[in-house]
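As a plain string of letters, each chain reads:
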Amino acid sequence: MGSMPERLNIKVKPADPMEVREQDLIRRVQAGEKELFYQLVKPYERRIYAAALAVLRNEAEAEDAAQEAMLKALTHIRQFRAEARFSTWLTQITVNEALMRRRKAHSEIMEPIGERQEEDGTYTPRDFADWREIPSEVLERKEIRQKLASAVAGLAAKYREVFMLRDVQHLSIEETAETLGITQASVKTRLLRARLMLRDMLAPGLGGSWFGRLPFEKGNKPW
Amino acid sequence: MVVNCEHVWTEISNYLENEVDSATRAAMEAHFKECKHCTAVLDGTRNVVQLYGDDRLFELPAGFSQRLQRRLAQQSSSWLYGTARSFWMLAVAAVALLAGGVALGNSAVFKQPELRSEHAKPSHKIPASLMVAVSTEGKLFHVPNCKYLHRRDGESPELITASEAMKEGYTPCTRCLHQYLRSSVECPRVQPGYEFAFRMWDDNLLPPGF
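Every residue gets a number counted from 1 within its own chain, in the order that chain's sequence is written. As they are written, the chains are lettered A onward and the ligands numbered 1 onward, keeping that order. Restriction of local features to residues with pLDDT of at least 70 applies here, the model being predicted, together with a cutoff of 80 or more for giving and counting side-chain atom pairs; totals for whole chains, interfaces and linings are based on all residues.

**Concerning the overall build of chain A**
Starting at the N terminus, helices and strands are each numbered in turn, a helix being any DSSP run of H or I of at least four residues and a strand any DSSP run of E of at least two. Each helix and strand counted, chain A has 9 helices and 0 strands in total. Helices (α) and strands (β) of chain A occur, in sequence order from the N terminus, as α-α-α-α-α-α-α-α-α. For the exposure call, what matters is how many other C-beta atoms sit within 10 Å of a residue's own: 20 or more marks it buried, 12 or fewer exposed, and in between partly exposed, using C-beta atoms placed from the backbone. Across the 223 residues in chain A, those meeting the buried criterion constitute 36%.

Written out as structure tokens, the structure is:
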């Protein structure tokens, strides 16, 4: 006598209320309620702006490109398919818009020398300063945010774009490659170099010197 | 498997992405326990990924949201305005076409004249400038000397063009203008004795072989 088949115990992942709301909004905008579109993009405003800024490196141009990209997204909202994340779709439209503007402006010639460097050579870290895990509260400090932003702005375009899409926009390696029209192997190589270069730029400061005057260290010491 | 520092640096990104095989991972972890430099690089790279992945890092320029909202609203309203304008333009165009169609339909160009005879047969391809004879009370138009042209005593036939005669509701005489009746198109014929009438007005209008 054969044993009874075990009953499958499938746990259905509960739907994220935010995702459900987003999908509902997408359906309504696609059905014609265009005025709801801003509610859809509002959670991603920073990412969209950051993606445009990563390509164009100019605040005014980045804002205009981000706005234009959102208008295009609104125009083509019916083409969005649920198999992709909405945020990824917005990011890809924004990066395409920004890349198109940069090509028109021929601004590649203004890129740092590092842009033309070969990317297959190994990268040797310049600094081995100990940089232990730091609390995310440091991002509340404006000067820290500015230093991080200027560090990434100092990267050559090909590293900056890959880093922004993968580590800031959280696109997958595949999505990043597709958006930029490069191979996944190139994405991985550029990502490695971008991360190591940023670490080199930030480790000495974030590892200690920028925190020389933390709040608890200010004023006269009680001892 | 043993890895050196250079190997670790090339794989450190994949290590953080969890994209190295188990043997390499084990070898790298063993290396980190002994190499402070590579541990510092690992910690620092992880910090970079963590810090830049935070949404708070990039601040929006002041007024960015308001400007974006305004532009999206302008686009939506221009669509609405465009749709409404297109609708009204279509509606106006439809009314104009309808009115024009009615006016044209009522115009003399398209209006079929009321025939004087209920039994008359409409003419077919009759030359518009052909001079024909009509009488006041008659229903047909004829070649001028047709013997079937009825008129009151003392009344002389009026000579008008065929097109004028048709506008007034006259129809071709079934005898002298038989070839211009629709039923005789395939077999035109002229009553004997009336051939001269056609020659008299316009030789060019005669049917081929006449």
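**Quick look at the overall build of chain B**
Tallying secondary structure elements over chain B gives 6 helices and 4 strands in all. N-terminal to C-terminal, the α/β element order of chain B is α-α-α-α-β-β-β-α-β-α. Counting only residues that meet the buried cut, chain B has 20% of its 210 residues in that class. Two residues form a contact once the distance between their C-beta atoms, set from the backbone, is within 7 Å. In chain B, the proportion of contacts linking residues at least 24 apart, taken out of those at least 6 apart, comes to 62%.

**Re the interface of chain A and chain B**
For an interface, size is often stated in terms of accessible area lost upon the parts coming together. Tallying the contact residues gives 44 residues for chain A and 35 residues for chain B. Among the secondary structure elements, those contributing two or more residues to the side of chain A that touches chain B are helix 2 (37-41), helix 3 (45-56), helix 4 (59-75), helix 6 (142-153), helix 7 (157-168) and helix 9 (184-206) of chain A. Broken down by element, the side of chain A that touches chain B gets its largest block of residues, 10 residues, from helix 9 of chain A. Residue classes follow a fixed rule: Ala, Val, Leu, Ile, Met, Phe, Trp, Tyr, Cys and Pro count as nonpolar, while Asp, Glu, Lys and Arg count as charged, and any other residue, Gly among them, counts as polar. When its residues are assigned to classes, the side of chain A that touches chain B shows 25 nonpolar, 5 polar and 14 charged.

**Observations regarding helix 1 (residues 17-30) of chain A**
Residues and elements named next belong to chain A. A helix is expected to span 1.5 Å for every residue after the first. Under the 1.5 Å per step criterion, the end-to-end length of helix 1 is 20 Å for 14 residues, consistent within 8% with the ideal 20 Å. The buried count for helix 1 comes to 1 of 14 residues, which makes it a mostly uncovered element. Gly-32 sits one or two positions beyond helix 1 and adopts a positive phi of about 125°.

**Looking at unusual backbone geometry**
All names here are of chain A. In this structure, His-170 takes a positive phi of about 60° despite not being glycine. Looking at where His-170 falls in the secondary structure, it is placed in the loop between helix 7 and helix 8 (173-180). C-beta crowding within 10 Å serves as the criterion here: with 16 such atoms nearby, His-170 is assigned to the partly exposed category.

**Describing helix 3 of chain A**
Residue and element names in this part refer to chain A. For helix 3, built from 12 residues, the straight-helix expectation of 16 Å at 1.5 Å per residue is met to within 8% by its first-to-last C-alpha distance of 16 Å. Among the 12 residues in helix 3, 10 count as buried, and that is most of the element. Within the span of helix 3, buried status applies to Arg-47, Ile-48, Tyr-49, Ala-50, Ala-51, Ala-52, Leu-53, Ala-54, Val-55 and Leu-56. One or two positions beyond helix 3, positive phi appears at Arg-57, with a value near 60°.

**A word on the packing of helix 8 of chain A against helix 9 of chain A**
Residue and element names in this part refer to chain A. Every axis corresponds to a line fitted to the C-alpha atoms, with the helix fit spanning only the stretch in contact, and the corresponding angles, defined between N-to-C directions, vary from 0 to 180 degrees. Viewed as axis vectors pointing N to C, helix 8 and helix 9 meet at an angle of 105°, and their least axial separation amounts to 8 Å. When the interaxial angle is binned, helix 8 and helix 9 end up roughly perpendicular. On the side of helix 8, the interface is formed by Ile-173, Glu-174, Thr-176 and Ala-177, while helix 9 contributes Gln-184, Val-187 and Lys-188. Residue composition of the contact of helix 8 with helix 9, grouped by class: 3 nonpolar, 2 polar and 2 charged. The cut-offs work like this: below 35 degrees is roughly parallel, past 145 is roughly antiparallel, 65 to 115 is roughly perpendicular, and the gaps in between are oblique.

**Let's talk about the environment of Tyr-170 of chain B**
All names here are of chain B. Along the chain, Tyr-170 falls in the loop between helix 5 (162-167) and strand 4 (171-172). Judged by the 25 C-beta atoms lying within 10 Å of it, Tyr-170 falls in the buried class. For the pair formed by Tyr-170 and Ser-135, sequence separation is 35 residues and the distance between their alpha carbons is 9.8 Å. Apart from residues no more than four positions distant in its own chain, Tyr-170 is found in contact with Arg-116, Val-134, Lys-139, Leu-140, Phe-141 and Ala-165.

**Considering the environment of Asp-200 of chain A**
Locating Asp-200 of chain A in the fold gives a position in helix 9. Along the primary structure Asp-200 of chain A and Pro-125 of chain A are separated by 75 residues, whereas in three dimensions their C-alpha atoms are 6.5 Å apart.

**Thoughts on the confidence of the model for chain B**
All names here are of chain B. By definition, pLDDT measures how confident the predictor is in each residue, and it falls between 0 and 100. Residues at a pLDDT of 70 or more form 72% of chain B, whose mean pLDDT is 76. Averaged over each element, pLDDT in chain B is lowest for helix 6 (residues 195-201) (49) and highest for helix 2 (residues 22-34) (92). When the criterion is pLDDT under 50, residues 198-203 qualifies, and its contacts beyond four places in sequence or with other chains add up to 5 contacts. As scored by the predictor, the complex reaches a pTM of 0.59 and an ipTM of 0.74.

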